[in-house]
Amino acid sequence: MASSSTTTKSLLSSTFSTSKSPSSTATKASLLSFIRSTSATPISQKLSHSHNSRHHYYSVSPIKNVLKTATESETSLSKYPDVDLVSSDSKPTILVSEKLGSAGIELLKVFGDVDCSYSLSPEQLCEKISRCDALIVRSGTKVTREVFEAAKGRLKVVGRAGVGIDNVDLQAATEFGCLVVNAPTANTIAAAEHGIALLAAMARNVSQADASMKSGKWERNKYVGVSMVGKTVAVMGFGKVGSEVARRAKGLGMNVIAHDPYAPADRARAIGVELVSFEQAIATADFISLHMPLIPTTSKIFNDETFSKMKKGVRIVNVARGGVIDEDALVRALDSGIVAQAALDVFIEEPPQTDSKLIQHHNVTVTPHLGASTKEAQEGVAIEIAEAVVGALKGELSATAVNAPMVPPEVLSELAPYVVLAEKLGRLAVQLVAGGSGIKSIKVTYRSARDPDDLDTRLLRAMITKGIIEPISSSFVNLVNADFTAKQKGLRISEERVVIDANPVFPVDSIQVQISNVDSKFASAVSENGDVSIEGKVKFGVPHLTCLGSFGVDVSLEGNLILCRQVDQPGMIGKVGNILGQQNVNVSFMSVGRTVRRNKAIMAIGVDEEPNKDALNKIGQVPAIEEFVFLKL
């Protein structure tokens, strides 16, 4: 563990050495100026000063989630004259609000003054925080916007001892200039072991039989279990924990399949695991083990509809996040016999209500969020988060940062609209990829009138990576950890810079994103060389999609998007518009791009709301429409 910070700095140094522009030198600088600055001005306000008000929209949330700038120290000092700022010669104060392993505490004490104050109320935390430079929490402490406001600019880093950061307001942290770091690796084995423990306990009715015996009964015939050997287990999420569960399940003689849009097929094959689609996984599995993050696309993904597609008598284990299962739907599936048993370590509400039908169900085995609760894991997490927090207070870059360090304002100002374009192209590209094969190779091409050495693309690359990874992952991507996170996901991202004859006032003319060796949900997005390919430009401050596969289009990337490949004939816009109108879906724009007149065309429809399944089915049934896809932006 002691060498991790050195390794991280080396990795980041090599990762971001491609550009030779003057601004890149400033960006490579230590985080020390970021750590010691006390900006409380949201980035959207700062950027709005340098742009015409017509285009302020592009300086709002997408950039705030990834970047921050720092105001001058004088501004911060004048804003908070009552704050007792720590001089460079004094030790920083580190507040630990939940129990942390002793090894981590000792590491923190070498560097700073450690205040271990557990079970603080929200009011007590807000009262203390203005005297602290760092805060370390687990899952129980809510670090809200009110906490950052109460810190009055002094809080420099929040460390989450664990993986999930649902209890930290990242938006507020970024706005108030506070770095957030987590400890994502130390509890991997513990969580995997607990998943296997629940799998076996559930299959053999261990908890029910134990309770029966302790009540004075001897019910051998009632608690006949099922064997695991030869059964198929679907690992939903093939990251660190999921892959470790897969290894252990193979050792138990189980047939292992997995679903994960990022996992490379060769890595899965190396441990004897077949990657399949989501639908195939849930339809063929005897056991399902959940290891997916809780994000908008996975929230309650296991619901009545999902359960109805499963093999009758399936058994489910969840040591990931409670919110991925609709708990009421699971009770119904248990009562109907679709789900024979469930073993749960996580819940939507923690602790759950004692009279919960799910908790009290006789075919459910439950534990109180014990996935990371081993002595070894607790010590590992303590050391990992202590090192990250100390490193941040020293001004070092951290690969576990989940929000952004300082970026020079001049770089941000110039690239702001292209930052939005880059993220949206990434989001579009990943939604065009069909599941099952895994994304491996991504190529980004920048066309610009500037010399390649004068174009700093690290920020754009990070945003494309963010757009590709975040919609289907719990990872948080920023300038610091973009390449590190991509490598963890098995993504190879290459860049090419093409000099063209254009106006050099604009840093970029167009950005093209190509994903190789994947299937596409929308065949028209596949270029002549077989890659999923999209290209975009910024027009009058607004990001536009300008090319899809071999089709030229002109689509404003705002709201949601329906793409249709159709026979180019009159009346198509009216037919589709009428279907959407009947479903009360507001259309913001429509445009058509075609290859040859009266041949094939791509119709792009911008919609404010997400159409329901009925509307989408009706669009697909229009005879002249050959394929279509709905995309969220």
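A brief structural summary. Keep in mind that this is a model prediction, so the values were computed, not measured.

Grouped together as the largest cluster of nonpolar side chains are 52 residues, with contacts concentrated most on Leu432, Ile442, Leu460, Leu491, Ile511, Ile534 and Leu563. Examining the composition of this core, we find that 10 residues originate from one element, helix H20 (residues 409–431), more than from any other. Every residue in contact with Leu563, bar those within four places of it in the chain, is listed here: Phe522, Leu548, Ile602, Met603, Ala604, Glu627, Phe628, Val629 and Leu631. In this structure, Leu330, Ala342, Leu358 and Ile359 belong to the second largest nonpolar core, which totals 30 residues.

On to the environment of Asp328. Note that Asp328 resides in helix H17 (residues 327–336). Distance from Asp328 to Leu358, taken between C-alpha atoms, is 7.6 Å for residues 30 residues apart in sequence.

This part takes up the sheet that holds strand S17 (residues 542–548). The strand order across the open sheet built from six strands is S14-S13-S15-S16-S17-S18, with neighbouring strands paired in mixed fashion. Here the strands that pair on one side only, and so sit at the sheet edges, are strand S14 (492–499) and strand S18 (551–556). Sheet twist, expressed as the average angle between the axes of neighbouring strands with direction ignored, equals 20°. With eight bridges joining them, strand S13 (residues 441–448) and S14 adopt parallel strand pairing. Within S14, the position partnered with Arg447 by the bridge is Val498. Against the sheet, helix H21 (residues 458–469) touches S13, S14 and strand S15 (510–516), its axis set at about 140° to S13.

It is worth spelling out the pattern of salt bridges at this point. On inspection of all chains with the given rule, the structure shows 24 salt bridges. Salt-bridge contacts for Arg154 lead to Asp133; the nearest nitrogen and oxygen are separated by 3.2 Å. Residue Arg154 is found in the loop between helix H9 (145–151) and strand S4 (157–160), and its partner Asp133 is found in the loop between helix H8 (122–129) and strand S3 (134–137); the two are separated by 21 residues along the sequence. Pair check on accessibility: Arg154 and Asp133 agree, each one buried. Ionic pairing is found between Asp210 and Lys214, a salt bridge with its closest N-O pair at 3.3 Å. Placement of both Asp210 and Lys214 in helix H12 (residues 206–214) is noted, with a separation of four residues, approximately one turn of the helix. Using a relative accessible area of 36% as the deciding quantity, one classes Asp210 as partly exposed. Salt bridges linked by common partners bring Glu244, Arg247 and Arg248 together as one network.

When we look at a pair of aromatic rings, we describe it by the centre distance and by the angle of the planes. This structure, assessed with the given rule, holds one aromatic pair. For the ring pair Phe278 and Phe302, a centre distance of 5.8 Å and an interplane angle of 50° mean the geometry is tilted. Of the two residues, Phe278 sits in helix H15 (residues 278–284) while Phe302 sits in the loop between strand S9 (287–290) and helix H16 (304–308), which places them 24 residues apart along the sequence. Across this residue pair, the class does not change: Phe278 and Phe302 are buried.

By the secondary structure assignment, Gly426 is in helix H20. Placed 88 residues apart in sequence, Gly426 and Gln514 show a C-alpha to C-alpha distance of 9.7 Å. The contact partners of Gly426, leaving out residues within four places of it in the chain, are Ile464, Gly467 and Ile468.

What follows deals with the side chain of His194. The topology assignment puts His194 in helix H11 (residues 188–203). Classification of His194 as buried rests on a relative accessible area of 13%. The contact partners of His194, leaving out residues within four places of it in the chain, are Val319, Asp345, Thr367, Leu370 and Gly371.

At a minimum axis separation of 7 Å, helix H7 (residues 102–111) and helix H19 (residues 375–394) run at an interaxial angle of 20°. Judged by the inter-axis angle, H7 sits roughly parallel to H19. Handedness of the crossing formed by H7 with H19: right-handed. Along its contact with H7, which presents Ser102, Ala103, Gly104, Leu107, Leu108 and Phe111, the element H19 presents Glu379, Ala382, Ile383, Ala386, Glu387, Val390, Leu393 and Lys394. Tallied by class, residues from the contact of H7 with H19 come to nine nonpolar, two polar and three charged.

Thresholds applied
The residue numbers shown here count from 1 along each chain, following its written sequence. Where totals are concerned, whole chains, interfaces and linings use all residues; where local detail is concerned, this predicted model gives features only for residues with pLDDT of at least 70, and gives and counts side-chain atom pairs only at 80 or more. Water and hydrogen atoms play no part in the side-chain values, which are based on all heavy atoms of the structure. We call a set of buried residues a nonpolar core when its members are Ala, Val, Leu, Ile, Met, Phe, Trp, Tyr or Cys and they connect through side-chain atoms within 4.5 Å of each other. Using a 1.4 Å probe on the protein chains alone, a residue whose accessible area is under 20% of its type maximum counts as buried, one over 50% counts as exposed, and one in between counts as partly exposed. Note on conventions: DSSP H or I runs of at least 4 residues are helices, E runs of at least 2 residues are strands, and numbering of each starts at the N terminus. The contact definition used throughout considers only heavy atoms, calling two residues in contact when any of these lie within 4.5 Å. Two strands qualify as a pair provided DSSP detects at least 2 bridges between them. In this analysis an axis means a line fitted to C-alpha atoms, helices contributing only their contacting stretch, and an angle means the value between N-to-C directions, from 0 to 180 degrees. Each salt bridge in this description consists of a side-chain nitrogen of Lys or Arg and a carboxyl oxygen of Asp or Glu lying within 4 Å of one another. Pairs were defined over the aromatic rings of Phe, Tyr and Trp, the Trp ring being its six-membered one, requiring ring centres within 6.5 Å. Orientation was assigned from the angle between planes: stacked under 30 degrees, edge-to-face over 60, tilted for the rest. Note that the term roughly parallel is reserved for angles under 35 degrees, roughly antiparallel for angles over 145, roughly perpendicular for angles of 65 to 115, and oblique for everything else. In this scheme the handedness of a crossing depends on how the near helix is turned from the far one: anticlockwise by less than a right angle means left-handed, clockwise means right-handed. Under the scheme applied here, ten amino acids are nonpolar (Ala, Val, Leu, Ile, Met, Phe, Trp, Tyr, Cys and Pro), four are charged (Asp, Glu, Lys and Arg), and all others, including Gly, are polar.

Read these as geometric descriptors, not functional statements.
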